[in-house]
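Observations on the three-dimensional arrangement
As a plain string of letters, each chain reads:
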Amino acid sequence: RFGTSPARGDSRGRGSGGFGRPQSRGITPRSSMEQEKERALAAVRDVVGGQTTPRQGQSRESSRGREPHRVEIEKSSKTAPPTAKELTDEEMEKKTKTILDEYLHLQDIKEAILCVEELKSPSVMHTFVSSAVNYVLERSNIARNQTGLLLHDLVIKNVLSVPVYIQGLTEVIQYAEDMEIDIPKIWQYFGELIGPMVQDGSVPLNFLRKAAEPLKENNKAGLLVAEVLHAASHREGHKKVGSLWRQSSLQWEDFMPAGDVKKFIVDKKVEFTAGDDSQPSTPTVSISMEAIQDKLHHLLIKEKTDNEVIFDWIEESVDDPTMKSNKFIRALMTSVCESAITGSGSSARVLPEVIKNRGDLLQKYLDHRAESELQALYALQALVHKLEHPQGVLRTLFDTLYDEDIISEDGFNQWEKSKDPNEQEGKGVAMKQVVQFFTWLREAEDDVSDS
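Residues numbered from 1 in each chain as written. Predicted model: local features only at pLDDT ≥ 70, side-chain atom pairs only at ≥ 80, totals over all residues. Heavy atoms only, no water.

The chain is annotated in an unreviewed UniProt entry as Eukaryotic translation initiation factor 4 gamma 3 from Magallana gigas.

Here is the structure:
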């Protein structure tokens, strides 16, 4: 959302999930984008002109209290000189930091990709990768995950090739064992950075063989790969990642001595790579919606199970039509949000971190479908009505779902305008509790339109 989300009057931490998609879901009207672009271009001419000092102030990781801002590389109408000089490694490192600062602050992956494309320095693009990895390695898991998503999309769009990605990655990984002394969680951090590359099969998983090559001599390659697979499973589930592993023809013997494999698989909990794909990919026995609701309640509220386990259960037990049904979306949304509410009666409050941690789960099954978003908000309306509308609960849920890009602005507006007679119970009281939320949306849009 480079510059497309308005400033909100409070400051909240940014969780995982909402950003990283290739399309902005901010609320700035498109008719005003040209004016905003002109203002932003002036703000970033220092980037294009060689001044690469990152803009100061709070990053997107720690605040949403900001003014609209847009970063875009200026496209000159003049013909580029035929002997355009490529960036040096040092220049590329500085520009990488500037692009990442803006991307992590504003989260518009489409604009970030355009900025990288405009670097036009193919011989040093590996330096972009190594600089990006180095820059976020010790920052938040959010920063690592989102940088990983950016690198994935750059590969998918052929801005980076897989060999260039691997070259830049190994330039950092080769020193990982030395870094482990000062950064005990170094393997987990690398897993969070590389994990987003393992999500849809678009990048063959066997890239891990070359990426981990520098670590084989000291028997650390398997450790890196295990962390990558766990990070990917948190987003996609063990079943899918295990299937991708088997399709890739990778073997654990590629990363360690054969005699170590059996114990390693158990110790590192990567048994999901050792199964087979001969079992049916869809459930052979139907399950009732009541049973689904009970199981989701048990997994999310009673056991507080990891996302990977929930993904696996849904994929194994629920067929595709049911996953997309209104009842399933309502059941999932209700259980997730109920698990984030602590206390009872008037003392009830929301723990936003719980919603953020379940962001991948909600995003996977809502998938930004308009009807699914509306059904999810109907589920929230019913939940707070059942709880007798504790003060602040619905507003906090709305804020968090918007911040995490789980529900779009269009989805909230659709719920506000809905006149469905079957969905009016508790609607009036709910609307009164989120008046300020919708006022903020409209005022922010008006401010941008008038600027």
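Having put the structure on the table, let's press on.
1. Let's talk about the overall build of the chain
Here is the rule we go by: Here a helix means four or more residues in a row that DSSP labels H or I, a strand means two or more in a row labelled E, and each is numbered from the N terminus. The buried label goes to any residue with under 20% of its type's maximum accessible area, the exposed label to any with over 50%, and the partly exposed label to all in between, with areas taken from a 1.4 Å probe on protein chains only. We get accessible surface area from the Shrake-Rupley algorithm with a probe of 1.4 Å; when it comes to residues, only the shown protein chains can shield them.
Looking only at helices and strands, one finds 23 helices and two strands in the chain. Counting over 451 residues, the chain shows a buried share of 53%. Summed over its atoms, the accessible surface of the chain is roughly 20,900 Å², and 48% of this surface lies on carbon and sulfur atoms.

2. Let's talk about the packing of helix α19 (residues 370-386) against helix α21 (residues 409-417)
Heads up, the rule is: Each axis is a line fitted through C-alpha atoms, and for a helix only the stretch in contact is used; angles between axes span 0 to 180 degrees, taken between their N-to-C directions. Angles below 35 degrees are treated as roughly parallel, those above 145 as roughly antiparallel, those between 65 and 115 as roughly perpendicular, and all remaining angles as oblique. Each helix crossing is assigned a hand: it is left-handed if the near helix lies turned anticlockwise from the far helix by less than a right angle, otherwise right-handed if that turn is clockwise. Any pair of residues with heavy atoms lying within 4.5 Å of one another is described as a contacting pair. Side-chain classes follow a simple rule in which Ala, Val, Leu, Ile, Met, Phe, Trp, Tyr, Cys and Pro form the nonpolar group, Asp, Glu, Lys and Arg form the charged group, and the remainder, Gly included, forms the polar group.
Contact geometry for α19 and α21: axes closest at 9 Å, N-to-C directions at 60 degrees. Taken together, the axes of α19 and α21 are oblique relative to one another. As for the relative orientation of α19 and α21, their crossing is right-handed in sense. Packed against α19, whose contacting residues are Ala 370, Glu 373, Leu 374, Leu 377, Tyr 378 and Gln 381, the element α21 presents Gly 411, Phe 412, Gln 414 and Trp 415 at the interface. In the contact of α19 with α21, the residues fall into six nonpolar, three polar and one charged.

3. Considerations on helix α18 (residues 359-366)
A turn of α-helix holds 3.6 residues, and therefore any two residues three or four places apart point the same way. Counting buried positions over the eight residues of α18 gives seven, a clear majority of the element. Within α18 the residues assigned to the buried category are Gly 359, Asp 360, Leu 361, Leu 362, Gln 363, Tyr 365 and Leu 366. Just downstream of α18, Asp 367 is the residue with a positive phi angle, here 55 degrees.

4. Notes on the environment of Phe 328
As for its placement among the helices and strands, Phe 328 is situated in helix α16 (residues 326-339). Overall, Phe 328 belongs to the buried group, its relative accessible area being 0%. In this structure, the C-alpha to C-alpha distance between Phe 328 and Met 289, residues 39 residues apart in sequence, is 7.3 Å. Excluding anything up to four places from it in sequence, Phe 328 contacts Met 289, Ile 292, Leu 296, Ile 314, Val 318, Thr 322, Met 323 and Tyr 365.

5. Focus on the environment of Leu 380
Residue position: Leu 380 is located in helix α19. Leave out the neighbours within four places in its chain, and Leu 380 touches Met 333, Cys 337, Leu 394, Leu 397, Phe 398 and Leu 401.

6. Description of unusual backbone geometry
Backbone geometry at His 368 places phi at a positive 55 degrees, although glycine is not the residue there. Position of His 368 among the secondary structure elements: in the loop between α18 and α19. In this structure His 368 comes out as buried when scored by relative accessible area, which is 18%.

7. Side note on the packing of helix α10 (residues 221-236) against helix α11 (residues 238-247)
Contact pair α10 / α11: the axes reach a minimum separation of 7 Å and the direction vectors enclose 135 degrees. On the basis of their axis angle, the class for α10 and α11 is oblique. Both α10 and α11 take part in a crossing whose hand is right-handed. Facing α10, whose interface residues are Val 225, Leu 229, His 230, Ala 232, Ser 233 and Glu 236, α11 presents His 238, Lys 240, Val 241 and Trp 245. Taken together, the residues that form the contact of α10 with α11 break down as five nonpolar, three polar and two charged.

8. Details of the pattern of salt bridges
What counts here: The rule for a salt bridge is simple: a side-chain nitrogen of Lys or Arg has to be within 4 Å of a carboxyl oxygen of Asp or Glu.
Scanning the model with the defined rule gives 16 salt bridges in all. Across the pair Glu 90 and Lys 94 runs a salt bridge, and its minimum N-O distance is 3.7 Å. Separated by four residues within a single helix, Glu 90 and Lys 94 lie in helix α2 (residues 89-106), roughly one turn from each other. A residue is classified by how much of its surface remains accessible, and Glu 90, at 53% relative accessible area, is exposed.

9. What to know about helix α20 (residues 393-403)
Burial analysis of α20 places nine of its 11 residues in the buried class, the great majority of the element. The complete set of buried residues in α20 reads Val 393, Leu 394, Leu 397, Phe 398, Asp 399, Thr 400, Leu 401, Tyr 402 and Asp 403. At the exit of α20 stands Asp 405, carrying a positive phi of roughly 60 degrees.

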